[in-house]
Structure formats: C-alpha cells, structure tokens
Amino acid sequence: MDLRVTLLEEQALKPIPDVATLEFGKQTTDHMVRIEYTTGQGWSDAQIVPYGPVDLDPSALVLHYNQQIFEGLKAFRQPDGSVSLFRPDRYANRFRRSARRMAMPELEPETFIQVVKALVQTDERWVPSEPGTSLYIRPTVIATEPGLGVRASETYLFYVIACPVGAYYKEGARPTRITVEEDSARAAAGGAGEAKTSGNYAPTLLATQQAVEDGFSQVLWLDAKEHRYVEEVGTSNIFFRFGEELVTPPLGGTILPGVTRDSVLELAERWDLKMTERRVSIHEVMDACTSGLLKEAFATGTAAVVSPIGELSYKSECVTVDSGEPGDLSCRFYDEITDVQYGRKDDVMGWMVPVGE
Ligand SMILES: *Cc1c(COP(=O)(O)O)cnc(C)c1O
C-alpha cells in the first residue's frame, strides 16, 4: 500500500524521555499511521502524520457500541543497532480475526506489517536501547461513522501509535499476589473473549480495582458459567506446573490467544517438556498448591513476557505457590524469549523480523 509521509519539522520533534521516567503508554512518539476505510472503496489514504488527536463526531459508532479492535506488539533494539519486531505476523493475523468477530473490515497482514515497520523506521530514535526496554506499538481500528443506530459502521479509521517502554521488572521478576474472582467474569462462551476489542476490558476494571485495594496485583478469571475453570489472569494467559506437567487452559472462544502463550507452547515442544492444553479447575490448583504438587504458576503476555505468580487467594484461603519464588521454568521461558527478542541468542524459531527488510 502506498504510504504518504508528512514529517514533523525538525524543531518540533519531542525530546526523547529518560527511560527511568517512562510510564506505560504515557510518552508517545512523534508520528502515527492513519488509514481510512469506507465501505465500497476499501482502505485508502494511508499516511504517516505527526502524532495528534483523532477527530470524532460525538455520535461515532465506536463511542457508543464499542466497535473497536486493537493490538499490542513490540520492537526491540538489536546489538548491531538495528531494530526488529517480535512475531509481527502473529499479531497481524490475530488483528484480522478480531476484525472479523467485530463485523469490521479486515486489514491484510502484509499491510499491517508494512505500516508498523514504516512507523518504527520513521520514529527509530524512539526505540530505546537500555536493557529490558522496547518500543510498544498499538495498532487500532475504530468505527467512525456518525449515527446512533446499532449496526456495523460504514467508515473506519485504522491508526498505529507507539511508545517507548521501560524494563517491566526493574529489580528482577517479583512474584505477584493474585486473587480469584468469584462473581464477575471476563468473557462468556459465544461472546468476544478471543477478540482483542475494547469492550472486553471495562467490565474487568471494577474487580481489578477491588483486588488492588485488597493488596493484590491482578485478578484470576474463571469461566463465566460454572465459576470453576481457570481462564486468564488480568490481561495475560496463565500456565501451571503440576509436578513435571506444564498445563494451560485450551483456547475455546473465551480466552485471548496470546502470542506469548503460543511462544511458550512452541518452546515447550522444542524442549520436550510434558505440556498439556486442558481445563484446570480452581479446586485442582488450590489442592495442588496445598499438597505441594503445584511447582509454578505464571502469566504470559507481551508487556511482561513471563510473570511468576507467588500467591493465590480464593474464597477465604490464601496459598503460596511452592516457595513463593520465581520457578525454574518461568525463568527459563523468560530468559529464552527475551534473549531472542534482544538478539542475544540465535533466533532458531524465526520469530524476529527486522524493520529494515
Ligand atoms: C493481549 C492479551 C493477552 C496476551 O496476549 P499476548 O499476545 O501474549 O500479548 C492475554 N489476555 C488478554 C485478555 C489480552 O488482551
């Protein structure tokens, strides 16, 4: 797709913030990608423009009925100074599936990757090089048509913004305290839980706020029907190690198919680990924790990669996962994935894509 580029004047470029001051998503780069969509005409007018507000009619459909999708992926500075993306094809394909679920126009994965690369190249000076830092990229589509009728919009805006992010763990991975949510649910069967769409997040905020007030860092979500089977933790996928068996809940419509989840599954296969995708009840987890069978629990997602879980609270019971310290496998997955992302190790899985190619 042809991309028209309008750059900021040299003197209008923002100063690059010190990585120590970065707050997730608060400091955006100088430019953004915009592509318009109109039914009948398709995607058109692809541009890189200075970062700035998006004009919306107050009746725009996205503001009322949440017709929206997004992605979150990262670019990493390599030892030779170049910049590479982690598995952009996976994020692009998930973006397309999310669009389909939300009755929105699909963007070709090649176009997604092309414009993400172009933005990263344009704002390359924003890709930090300190250990553990990266450029977080947020492609988004919103329904822009004015009108309050409940139906799919005829017009859309695709945009991509980016922000430098600091090391998630400044002092190494601290295992998190997690509380199991007994009442509300993140996604029900038949809903849109497997799509990355804004409507899935606001309903989780109340329980998360309460959890934080109670001294936990995240909520563990159970299935919406029986409140029995483990689904996700916060906005991450979840893994357990029972003895030598590594387990993660199977994707089934209510769970977001994480790229990090998939990367852990691929590594588990390459390392010949006993890895199972199966339903796990919260009772199995709590019992295994008490009996000592539960050796590790960890969350996976683009932001933190692998985040060990140290404590679980369910009903009135609070248990420590094994010693409460990060487990061996959590560390092994974290090290392997981040070593590949930062080019410290050969990319034998073919996960990295240089932005310059
Ligand atoms: C994005 C997301 C994940 C993690 O997916 P990654 O591709 O690994 O970043 C998991 N759960 C939810 C609800 C998410 O939004």
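Starting afresh in each chain, residues are numbered from 1 along the sequence in its written order. The model is predicted, so local features are restricted to residues of pLDDT at least 70 and side-chain atom pairs to those at 80 or more, both for listing and for counting; the totals for chains, interfaces and linings are taken over all residues. As a convention, hydrogens and water are excluded, and side-chain values are obtained from all of the structure's heavy atoms.

Visitor: Sorry if this is basic, but what is going on with the side chain of Thr197 here?
Guide: Only DSSP runs of H or I covering at least 4 residues are called helices, and only runs of E covering at least 2 are called strands; the numbering of each starts at the N terminus. Here Thr197 is to be found in the loop between β9 (176-180) and α4 (202-213). Given a relative accessible area of 2%, Thr197 falls into the buried group. We call two residues contacting when some pair of their heavy atoms lies within 4.5 Å. Excluding residues that lie within four positions of it along the chain, Thr197 makes contacts with Asn66, Gln68, Ile69, Phe70, Met102 and Ala192. Think of it in three bands: residues with accessible area under 20% of the maximum for their type are buried, residues over 50% are exposed, and the middle band is partly exposed, with areas taken using a 1.4 Å probe on protein chains only.

Visitor: Sorry if this is basic, but what is going on with the site of the ligand here?
Guide: We call a residue near a molecule or strand when any one of its heavy atoms sits within 4 Å of it. Close contacts around the ligand come from 15 residues, with Lys196, Tyr201, Glu232, Thr260 and Thr302 the closest. Taking Val259, its main chain carries an N or O atom lying 2.7 Å from an oxygen atom of the ligand. Polar contact is the term for a pair of N or O atoms within 3.5 Å; when the atoms are in protein, one must be able to donate a hydrogen and the other to accept it, and sequence-neighboring residues count only if both atoms are side-chain atoms. Within the contact set of the ligand, an oxygen atom lies 2.7 Å away from a side-chain nitrogen or oxygen of Thr260. Among the elements of the structure, α2 (88-101) and α5 (259-270) are those that each provide at least two residues to the shell around the ligand. Among the residues forming the shell around the ligand, the class breakdown is 4 nonpolar, 7 polar and 4 charged. Classification convention: Asp, Glu, Lys, Arg as charged; Ala, Val, Leu, Ile, Met, Phe, Trp, Tyr, Cys, Pro as nonpolar; all other residues, Gly among them, as polar.

Visitor: Help me understand the pattern of salt bridges, please; the structure alone is not making it clear to me.
Guide: Opposite charge on two side chains permits pairing when their charged atoms draw close. Basic side-chain nitrogens of Lys or Arg form a salt bridge, by our definition, when they fall within 4 Å of a carboxyl oxygen of Asp or Glu. Scanning the entire structure with this criterion turns up 25 salt bridges. A salt bridge links Arg77 to Glu124; its shortest N-O distance comes to 2.6 Å. Separated by 47 residues along the polypeptide, Arg77 in strand β5 (residues 73-77) and Glu124 in the loop between α3 (109-122) and β7 (134-143) bring together distant segments of the chain. For Arg77, a relative accessible area of 16% translates into the label buried. Assessed through its relative accessible area of 32%, Glu124 is described here as partly exposed. Here Asp262 ties to Arg90 by a salt bridge, and the two come within 3.2 Å at their closest N and O atoms. With Asp262 in helix α5 and Arg90 in helix α2, the pair connects residues that are 172 residues apart, well separated along the chain. Arg90 sits in the partly exposed class, given a relative accessible area of 33%. Members of the salt-bridge network, linked through shared partners, are Arg87, Arg90, Asp262 and Glu266.

Visitor: I keep staring at the state of the cysteines and nothing clicks. Help me out?
Guide: Two cysteines whose sulfur atoms are joined by a covalent bond form what is called a disulfide. The disulfide criterion used throughout: a pair of cysteine sulfur atoms within 2.5 Å. For the structure shown, the criterion picks out 0 disulfides. There is no disulfide at Cys289, and the cysteine sulfur nearest it, in Cys318, is 9.1 Å away. Assessed through its relative accessible area of 9%, Cys289 is described here as buried. For Cys318, a relative accessible area of 43% gives the class partly exposed.

Visitor: Mind showing me how you'd approach the domain arrangement of the protein here?
Guide: Accessible area lost during the coming together of the parts is what is often quoted as the interface size. Segmentation into domains, and thus their bounds, comes from an automatic or database assignment. Taken domain by domain, the protein consists of domain 1 (4-165) and domain 2 (176-341). Taken together, the contact pairs 20 residues of domain 1 with 20 residues of domain 2. Buried area adds together the accessible area that both of two parts lose upon being put together, with accessible area traced by a 1.4 Å probe. Taking both sides of the interface into account, the surface hidden between domain 1 and domain 2 amounts to around 1,800 Å²; carbon and sulfur atoms contribute 53%. The largest per-residue losses of area from domain 1 upon contact with domain 2 belong to Phe70, Phe86 and Arg94, which jointly make up 31% of the total buried on that side. Where domain 1 meets domain 2, there are 4 salt bridges. Viewed at the interface, domain 2 and domain 1 are joined by 16 residue pairs in polar contact (both at pLDDT 80 or more). Put simply, the parts of the chain that give the side of domain 1 that touches domain 2 at least two residues each are β4 (68-70), β5 and α2. Broken down by element, the residue count for the side of domain 1 that touches domain 2 peaks at 6 residues, all from α2. Grouping the amino acids of the side of domain 1 that touches domain 2 by side-chain chemistry returns 8 nonpolar, 5 polar and 7 charged.

Visitor: Even after reading the chapter, I still don't get the nonpolar core, so can you show me in this structure?
Guide: It is characteristic of soluble globular proteins that their nonpolar side chains tend to be buried jointly. Core analysis: the largest hydrophobic core is formed by 66 residues, its most contacted members being Phe112, Val120, Ile137, Phe158 and Phe333. Those residues in contact with Val120, other than ones at most four positions away along the chain, are Ala75, Val83, Leu85, Val127, Leu135, Ile137 and Val355. Nonpolar cores are built from buried Ala, Val, Leu, Ile, Met, Phe, Trp, Tyr and Cys residues. Side-chain atoms within 4.5 Å join them into one set. Core analysis: the next-biggest nonpolar cluster, separate from the first, contains 24 residues, Phe240, Val247, Cys289 and Leu294 among them.

Visitor: Help me understand the packing of α2 against α3 in this model?
Guide: Every axis in this analysis is a line fitted to C-alpha atoms, fitted for helices over the stretch in contact. Angles between the N-to-C directions lie between 0 and 180 degrees. Relative orientation of the contacting elements α2 and α3 amounts to 125°, with a least axis distance of 9 Å. On the basis of the axis angle, α2 is oblique to α3. Once α2 is placed against α3, the crossing between them reads as right-handed. Here α2 contributes Pro88, Asp89, Tyr91, Ala92, Asn93, Phe95 and Arg96 to the contact with α3, which in turn contributes Pro109, Phe112 and Ile113. Looking at the contact of α2 with α3, its residues break down into 7 nonpolar, 1 polar and 2 charged. Angular relationships are summarised with four words: roughly parallel below 35 degrees, roughly antiparallel beyond 145, roughly perpendicular across 65 to 115, and oblique for the angles in between. Crossing handedness follows the turn of the near helix against the far one: under a right angle anticlockwise gives a left-handed crossing, and clockwise gives a right-handed one.

Visitor: In this structure, what is going on with the environment of Glu226? I would like to understand it.
Guide: Tracing the backbone through its elements, the reader meets Glu226 in the loop between β10 (218-222) and β11 (230-233). Here Glu226 falls in the partly exposed class, since its relative accessible area comes to 45%. For the pair Glu226 and Met32, spaced 194 residues apart in sequence, the C-alpha separation works out to 43 Å.

Visitor: Is there a simple way to explain unusual backbone geometry in this structure?
Guide: Among all residues save glycine, negative phi is the norm, and among peptide bonds the norm is trans. Even without being a glycine, Asp272 presents a positive backbone phi close to 55°. Relative to the assigned elements, Asp272 resides in the loop between α5 and β14 (274-277). Within the chain, Asp322 stands out as a residue other than glycine whose phi angle is a positive 50°. Counting through the fold element by element, Asp322 comes out in the loop between β17 (317-320) and α7 (328-341). On the basis of relative accessible area, Asp322 is assigned to the partly exposed category, the value being 44%.

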